[in-house]
Amino acid sequence: MKDKLIELRRKALDSISSADNLKKLQEIHIRFLGKKGPITEVLKGMGKLSKEERSVVGQLANDVRKVIAEGIDQKKAEIEKALLEQKLDREKIDVTLPGRRVRTGGHHLLASVIREVEDLFIGLGFSVAEGPEVEEDYYNFEALNLPKDHPARDMQDSFYITDEILMRTHTSPMQARTLEAHKGKGPVKIICPGKVYRRDTDDATHSHQFMQIEGLYVDHHVRLSDLKGVLTVFARHIFGPGREIRLRPSFFPFTEPSVEMDISCFRCGGQGCPVCKGTGWIEILGAGMVHPNVLRMSGFDPAAYTGFAFGMGPERIAMLKYGIEDIRHFYTNDIRFLKQFKRS
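Residue numbering note: each chain is counted from 1, following its sequence as written. The predicted origin of the model limits local features to residues at a pLDDT of at least 70 and limits the giving and counting of side-chain atom pairs to 80 or more, whereas totals for whole chains, interfaces and linings rest on all residues. The side-chain values count all of the structure's non-hydrogen atoms but skip hydrogen atoms and water molecules.

1. Observations concerning the layout of surface pockets
In step 1: By volume, the second largest pocket amounts to about 340 Å³.
In step 2: As for the second largest pocket, its lining consists of 13 residues, and the residues nearest its centre are Thr-104, Gly-105, Gly-106, Lys-339 and Lys-342.
In step 3: Charged means Asp, Glu, Lys or Arg here, nonpolar means Ala, Val, Leu, Ile, Met, Phe, Trp, Tyr, Cys or Pro, and polar covers whatever is left, Gly included. Looking at the lining of the second largest pocket residue by residue, the classes come out as three nonpolar, five polar and five charged. Here a cavity denotes grid points, spaced 1 Å and computed from the protein atoms alone, that fit a 1.4 Å probe unable to get out, and a pocket denotes an open set having protein on both sides within 12 Å along at least 5 of 7 lines; residues with an atom within 4 Å of a point are the lining. Grid points are joined across faces, edges and corners, and a volume is the space filled by probe spheres set on the points.

Rendered as C-alpha cells:
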C-alpha cells in the first residue's frame, strides 16, 4: 500500500504539472481526491492491515492527500494569475491617448428666461404658484369675470375635453385658485409660470401651445402706481437699466382699469428702428387692477382689498432679447438652435 500511495502521488503531481486550465485541474481533483478516488480506496482497505501498518499507511495517505491538494491549489493560483494577466493585456487602456470631451447640456432658453423672471419676483417678495394644465371652465373663465356668454371668450378659443374641462388658455386660473384658498384674507403675492394652450394656427409668431407668466398682488391699499413701479423694475432688470415704460389703456375682462405696457426700445434707445417698427416703443405685456368681480367671487371684499395683475409671454421676451424671428424654433428641438443659448 505504501508503494501504491507513493505512485499515486507521483501520477497526481505529474497530472497537476501538465494541466493548463481550471477545468483539467478540477478533473484531477475529482480523480485523485474524490470520494471514489484511489486514496479513498486505499483507506478502505486498511482494515486488513495490522495495527502498526495502519498507523504508517494512514499517516502516508494523509501526507499524499495533503501534497496533492497543495499542488492543486498552487497550480490553480498560477493558472488564475496567468488568466488575469491575459485579460489585463487584452483590456489595457492607453492612458497617453487624449480624453474624449464629455458633452454637457444646458437649460432650454425659455426655462432660462422663466428662471430669470422668477428670481426677480421672488426677490420682490412674490412666491411661485403652479397648477394644472387641464383646468375647469369655472377657474379658467367664470371666476375671472368671463361668464359662459361673454364675447371675450372668443379671444381665447381653446381645446375642450368636456363641456366643463379644457386645456387652460392662461395661467390666470392659479390666481383664482390662490385667492380662493386665502378665504378673503390678504396679502396674496404670487407669480404663476406655466404652459398654456389656445386653438391657433402655428406660424412665426403664433403657437397652439406657449409659456406664460402671470403675477398677482392683492392687499389693502394696492394702487396702480404700485403696479407701475413693479413693472419698471421688471423692465430694467430684463432689458437693461436705461429702459423707460409707458402704460396704454386697454381692456381685459378680469382687470379694471386695464393697460398694455410698452418699454422704450433697447436697440435704438427710442429713436426708431426695425425692432420697434420705427415707434421707439415695444409692447411687452398686459396688466391692470384686479376687477372687483374677481375679488368678490374669490371671497375678498373689494371695499377692503385692491390688487394688480399682469401677464407676459417668455417666448416674446426671448425673441426680443435674443433676436429670434420664429417662435417655432423653441419647440422643434433643433440642437443647432438650442446650443447657441446654452449659457444664456
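2. A short note on the side chain of Asp-326
In step 1: Its location among the elements puts Asp-326 in the loop between helix H10 (314-322) and helix H11 (335-338).
In step 2: Side chain to side chain, Asp-326 and Arg-328 meet in a polar contact 2.8 Å long.
In step 3: The contact criterion used is simple: two residues touch if any of their non-hydrogen atoms lie within 4.5 Å. Not counting the four nearest positions on each side in its chain, Asp-326 is found in contact with Asp-203, Ala-204 and Met-319. In this description a helix means any DSSP run of H or I spanning at least four residues, a strand means any run of E spanning at least two, and both kinds are numbered starting from the N terminus. Counting of polar contacts relies on pairs of N or O atoms within 3.5 Å, with two restrictions inside protein: one atom must be capable of donating a hydrogen and the other of accepting it, and residues adjacent in sequence are counted only when both atoms are side-chain atoms.

3. So, a positive patch on the surface
In step 1: A cluster of basic residues, Arg-101, Arg-103, Lys-339, Lys-342 and Arg-343, forms a positive patch at the surface.
In step 2: Note that Lys-342 resides in the segment after H11.
In step 3: We classify Lys-342 as partly exposed; its relative accessible area is 31%. Each patch is assembled from residues with relative accessible area greater than 30% and no salt bridge, linking like charges that lie within 9 Å and nonpolar side chains (Val, Leu, Ile, Met, Phe, Trp, Tyr) that lie within 5 Å. To be clear on the numbers: accessible area is Shrake-Rupley with a 1.4 Å probe, and residue cover counts the displayed protein chains and nothing else. What makes a salt bridge here is a side-chain nitrogen of Lys or Arg within 4 Å of a carboxyl oxygen of Asp or Glu, nothing more. Positive: Lys, Arg. Negative: Asp, Glu. His and the chain ends are not part of the count. To locate a charge, the coordinates of NZ of Lys, CZ of Arg, CG of Asp or CD of Glu are taken. Only protein chains enter the area calculation, which uses a 1.4 Å probe; residues under 20% of their type maximum are buried, those over 50% are exposed, and those in between are partly exposed.

4. Some points on the state of the cysteines
One way to say it: the disulfide is the covalent bond shared by the sulfur atoms of two cysteines.
In step 1: Working definition: a disulfide is two cysteine sulfur atoms within 2.5 Å of each other. The full count for this structure, using the stated rule, is zero disulfides.
In step 2: Here Cys-273 stays unpaired: no disulfide links it, and the sulfur of Cys-265, its closest cysteine neighbor, is 3.5 Å away.
In step 3: Of the residues examined, Cys-273 reaches a relative accessible area of 14% and is grouped as buried.

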